[in-house]
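Here are the chains, one letter per residue:
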Amino acid sequence: VKYQPQLAQLVKAPPEGADWIHELKYDGYRIGARITGSGVTLISRNGHDWTAAFPEIAHAVRRLRTRDALLDGEVCVLLPEGRTSFQALQNASHGHHRAALVYFVFDLLRLDGRDLLTDAIEERKRALKRLVGARDSGRIRYADHIAGDGRSAFAEACRLGLEGIVSKRLGQPYQPGKRVGWLKTKCVQRQEFVIGGFTDPEGSRQGIGALLVGYYERDRLVFAGKVGTGFTVRGARDLRSTLDRLEIEASPFTPPPPGWLGRHAHWVKPTLVAEVVFAEWTSDGLVRHPSFQGLRADKRAESVVRERAAPPASGRKKKTSTRRRASSAAERSTVAGITITHPDRVMYERPRLTKLDIARYYEQMASWMLPHVQGRPLTLVRCGQGLGGPCIFMKHSKLWAPPALRRVKIQEKTKIGDYLIADTVEALVSLAQMDILEIHTWNTRIDRVEHPDRLVIDLDPGEQITWPDVVAAAVEVRTLLETLDLASYVKTTGGRGLHVVVPLARRQEWRACLEFARAFADALARHDPSRYTTDFGKKGRARQILVDYLRNNRTNTSIAAFSTRARAGAPVSVPLAWSELGPSLDPASFTAESVPARFARRPDPWTGYWNTRQSLSSRALKARQQLDV
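The following paragraphs examine the structure supplied in this document. Given the structure is predicted, the values throughout are model-derived calculations rather than measurements.

Within the structure shown, the criterion is met by two disulfides. Residue pairing for Cys 383: its cysteine sulfur links by disulfide to Cys 391, the two sulfurs lying 2.1 Å apart. Taking the sign of the S-S torsion, 110 degrees for the link of Cys 383 and Cys 391, the bridge is right-handed. Judged by its relative accessible area of 35%, Cys 391 falls in the partly exposed class.

Now for the sheet that holds strand β34 (residues 545–548). An order of β33-β34-β30-β32-β31-β36 is seen for the six strands of this open sheet, with the pairing classed as mixed. Looking at which strands have only one partner, the edges of the open sheet turn out to be β33 (532–533) and β36 (575–576). Here two bridges tie β33 to β34, and the two strands are oriented parallel to one another. Across the sheet, the residue bridging to Tyr 532 is Ile 545, located in β34. Against the sheet, helix α11 (residues 510–527) contacts β30 (454–461), β33 and β34, and its axis sits at roughly 35 degrees relative to β30.

A word on the sheet that holds strand β11 (residues 177–186). As summarised here, the arrangement of the five strands in space is β1-β11-β10-β2-β9, forming an open sheet in which the pairing is mixed. The strands lining the two open edges of the sheet, one partner per strand, are β1 (6–10) and β9 (146–147). Relative to β11, β1 runs parallel, the two being bridged by five bridges. Bridged to Leu 10 within β11 is Lys 184. Of the strands in this sheet, β2 (20–24), β10 (164–169) and β11 are in contact with helix α3 (residues 121–132), which crosses β2 at around 45 degrees.

Along the chain, Thr 254 connects to Pro 255 via a cis peptide bond; the corresponding omega equals -5 degrees. Relative to the helices and strands, Pro 255 is located in the loop between β15 (247–248) and α6 (259–264). Omega for the peptide link from Arg 350 to Pro 351 comes to -5 degrees, which places this bond in the cis form. Mapped onto the secondary structure, Pro 351 falls in the loop between β23 (346–348) and β24 (353–354). Phi is positive for His 342, close to 50 degrees, though the residue is something other than glycine. Its place among the elements puts His 342 in the loop between β22 (338–339) and β23.

Here helix α8 (residues 355–373) crosses helix α9 (residues 425–433) at 140 degrees, and the two axes come no closer than 8 Å. On the basis of the axis angle, α8 is oblique to α9. Helix-helix and strand crossings are classified by hand; for α8 and α9 the assignment is right-handed. Here Lys 355, Ile 358, Ala 359, Tyr 362, Glu 363, Ala 366, Met 369, Leu 370 and Val 373 of α8 come into contact with α9, specifically with Val 425, Leu 428, Val 429, Ala 432 and Gln 433. Grouping the amino acids of the contact of α8 with α9 by side-chain chemistry returns 11 nonpolar, one polar and two charged.

Take the packing of aromatic side chains next. Within the structure shown, the criterion is met by 22 aromatic pairs. Look at Phe 536 and Tyr 549: their rings are 5.8 Å apart centre to centre, the planes differ by 80 degrees, and that puts the pair in the edge-to-face class. Of the two residues, Phe 536 sits in the loop between β33 and β34 while Tyr 549 sits in the loop between β34 and β35 (558–559), which places them 13 residues apart along the sequence. Seen from their ring centres, Phe 562 and Phe 599 are 5.1 Å apart, and the 80 degrees between their planes marks the pair as edge-to-face. Of this pair, Phe 562 sits in the loop between β35 and β36 while Phe 599 sits in helix α12 (residues 595–600), placing them 37 residues apart in sequence. Among the aromatic residues, ring-to-ring pairing joins Tyr 489, Trp 606, Tyr 609 and Trp 610 into one connected group. Here Lys 168 stacks its cationic end above the ring of Trp 182, 3.9 Å away from the centre of that ring.

Inspection of the secondary structure assignment puts Gln 6 in strand β1. Apart from residues lying up to four places away in sequence, Gln 6 is in contact with Arg 30, Pro 173, Tyr 174, Gln 175, Pro 176, Gly 177, Arg 179, Gly 181 and Trp 182.

Leu 431, Ile 439, Leu 459, Phe 520, Phe 562, Leu 581 and Val 595 are the most contacted members of the largest nonpolar core, which totals 84 residues. The greatest single-element share of this core, amounting to 11 residues, is contributed by α8. Leu 459 has contacts with Val 470, Ala 473, Ala 474, Val 477, Gly 497, Leu 498, Val 500, Ile 545, Leu 546 and Val 547, leaving out every residue within four places of it along the chain.

The subject of this paragraph is the pattern of salt bridges. Two side chains of opposite charge can pair, provided their charged atoms sit close to one another. For the structure on display, the rule yields 44 salt bridges. Among the ionic pairs, Glu 307 bridges to Lys 186, the shortest N-O distance being 3.0 Å. Of the two residues, Glu 307 is situated in the loop between β20 (291–295) and α7 (317–332) and Lys 186 in strand β11; the sequence distance between them amounts to 121 residues. Here Arg 406 ties to Asp 423 by a salt bridge, and the two come within 2.8 Å at their closest N and O atoms. In this pair, Arg 406 is assigned in strand β27 (residues 406–411) and Asp 423 in the loop between β28 (416–421) and α9, connecting sequence segments 17 residues apart. Overlapping salt bridges, with partners in common, bring together Lys 25, Asp 27, Glu 163, Arg 190, Glu 275, Arg 296 and Asp 298 in one network.

What follows covers the environment of Tyr 489. In this fold, Tyr 489 is placed in strand β31 (residues 489–492). The class for Tyr 489 is buried, based on a relative accessible area of 12%. Once you skip the residues sitting within four places of it in the chain, Tyr 489 turns out to touch His 499, Val 500, Val 501, Pro 503, Trp 578, Trp 606, Thr 607, Gly 608, Tyr 609 and Thr 612. Polar contacts involving the side chain of Tyr 489 include one to the main-chain carbonyl oxygen of Gly 608, which spans 3.5 Å. Of the polar contacts made by the side chain of Tyr 489, one reaches the backbone nitrogen of Tyr 609; its length is 3.3 Å.

A word on helix α5 (residues 233–244). With 12 residues, α5 ought to run about 16 Å at 1.5 Å a step, and its terminal C-alpha atoms sit 17 Å apart, in line with that. Ala 236, Leu 239, Arg 240 and Leu 243 are the residues of α5 that are buried. Take α5 and look down its axis: the buried residues cluster within an arc of 105 degrees, on one side only. As for α5, its buried residues are in contact with β12 (189–198), β13 (211–217), β15, β16 (266–268) and β20.

Cut-offs applied
- Positions within a chain are numbered from 1, following the residues in the order the chain's sequence is written.
- Only residues with pLDDT of at least 70 get local features here, since the model is predicted, and only at 80 or more are side-chain atom pairs given and counted; chain-wide, interface and lining totals rely on the full set of residues.
- Water and hydrogen atoms were dropped before computing side-chain values, which therefore reflect all heavy atoms in the structure.
- Criterion for a disulfide: a pair of cysteine sulfur atoms at a distance within 2.5 Å.
- Remark: exposure states derive from per-residue accessible area (1.4 Å probe, protein chains only) relative to the maximum for the residue type, with buried under 20%, exposed over 50%, and partly exposed in between.
- At least two bridges found by DSSP between two strands is the condition for calling them paired.
- Runs of E in the DSSP output that reach at least two residues are strands. Runs of H or I that reach at least four are helices, and both are numbered from the N terminus.
- In this analysis, two residues are considered to be in contact whenever any of their non-hydrogen atoms come within 4.5 Å of each other.
- Between the N-to-C directions of two axes lies an angle of 0 to 180 degrees, each axis being a line fitted to C-alpha atoms and, for a helix, fitted only over the stretch in contact.
- Throughout this description, any angle smaller than 35 degrees is read as roughly parallel, any larger than 145 degrees as roughly antiparallel, any in the 65 to 115 degree range as roughly perpendicular, and the remainder as oblique.
- Crossing handedness: left-handed means the near helix sits turned counterclockwise from the far one by under a right angle, and right-handed means the same turn made clockwise.
- Here the term charged refers only to Asp, Glu, Lys and Arg, the term nonpolar to Ala, Val, Leu, Ile, Met, Phe, Trp, Tyr, Cys and Pro, and the term polar to all other amino acids, Gly among them.
- In this analysis, rings of Phe, Tyr and Trp, with Trp reduced to its six-membered ring, are considered paired at centre separations within 6.5 Å, and the interplanar angle assigns stacked below 30 degrees, edge-to-face beyond 60, and tilted for intermediate values.
- Distance and angle both matter: a charge sits over a ring if NZ of Lys or CZ of Arg is within 6 Å of the ring centre and within 35 degrees of the ring normal.
- In this text, buried Ala, Val, Leu, Ile, Met, Phe, Trp, Tyr and Cys residues form a nonpolar core when linked through side-chain atoms within 4.5 Å.
- We define a salt bridge as a contact between a side-chain nitrogen of Lys or Arg and a carboxyl oxygen of Asp or Glu at a distance within 4 Å.
- Polar contacts here mean pairs of N or O atoms no more than 3.5 Å apart (in protein, one a potential hydrogen donor and the other a potential acceptor; neighbouring residues in sequence count only if both atoms are side-chain atoms).
- Helix span, expected: 1.5 Å multiplied by one less than the number of residues in the helix.
- The directions from the helix axis to the C-beta atoms are what the arc is built from.

Dropping the structure here:
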């Protein structure tokens, strides 16, 4: 029997009735496993030999008690919470997650010299279960099912954050190609698209800005929008290298994308296929809030068409309408592949921003924000009922957190601290899903946690200090740092203060950095005691600016660039160019509502920050004496 997989047709709601069974929809590569006397061959959905890609799976299949069989299933990476992830599967090619590779088998097409294609699905699955066992561990796992009650099966899959379900009609033979006997219902919109172009990165982003994707309509590649989120830093660089080799002069889309994109994009030969999740199709045929999941090496570009959901297979009209609304709501509440529960919860009253709005803010700003937070331990402020309810400060993160967030343990003075790290757009959106309104970061990254890579001089104004006074203070701090041969950068805090940030090569340990920051702050306060203080008590400093050097103590944090603040007005901490910092600038104008548009076409205000290589020299470490001169 040649492996020619049966495919499922997309529907808007799952079929009802006792003559249907429902399986989870797995997020991986569709693979057939052919067992013969000479060994095992893993075959992709388009007929290619993929044995070398998954030797662990081939070895496990070889141990089954048969010398003649053809299995059908999905090779996936199984995450600890029981969900499969295509992005994690992509990373397996770089050596990650190999231990979590699992082959979920859901059909058996041949066994011990007998073809089973004409047998009913329930008979094939019984034979499959006898062959592999009802195991829930190991490399090979039987894909179990639920009989009837498709609506409940689908609702549970969506609640668990899974992709959806596949429904199969009982009594049906195995029929290669797309047949109505197999139906798929998705909790989120997800499909393959052909890459036809890309834009250059802006600001601190590397590799690519966005992918331009489309689908085939007969012989015409139709533009479906741009995908600008979902990339890791390494993935974006690797993808750019691949795309550069495919670059062509003319647009492969018919017609080309309009406006700025059509004039400035790079065009590529349309041979690569990308997996994309998105919220919905817009009325003008573009994908809304798309997120890149990875490249699909198992699909030909010419086979990619727009998937259109057919009406439900059965069910009364009223129930169908209810399910359609529920499915549509689930799609609208998914951001970067993360399902946002309670999406209508009001997090800020003015401007009125919901939990879903905050999640979309972080998705939009991910390419700007990730370089500032990747690899850094986080301390968080959670407001479970929005700004109108109580907020809690979360230094340690022992509570449940979405799987996109990385959990690390760090030795503290008397105990082990449990911290979260956000490395991806999915992780940032997951923080919004947790009702987080403030993201604070350490001055170091987890790979060398004892060696800070920056200093933060926090200028905290007293009640009677004006904004022009704070600006003048930041400029003075910059000037004094320059006398020590240290370049610095400035950002707002989401309040009335400013942070002056000094990037560092990771050579000194915490103690040296803290001693320098304390000496610098003390010298500044002695230089002009009427303006500056290092006294952390509130009393008596209404007309002074506190120079907070403790941001540089181990385990202490500062607000992350582009993080929202748990304050009225939905303010955001934003990096600024020194040239734009002035008395007329209004720090309150930077909000979760206004910042995305501001940075959409703006170059990185911290140009040079990421390439600055400087250390605390012996001269700089004597800051007290230098600044007294």
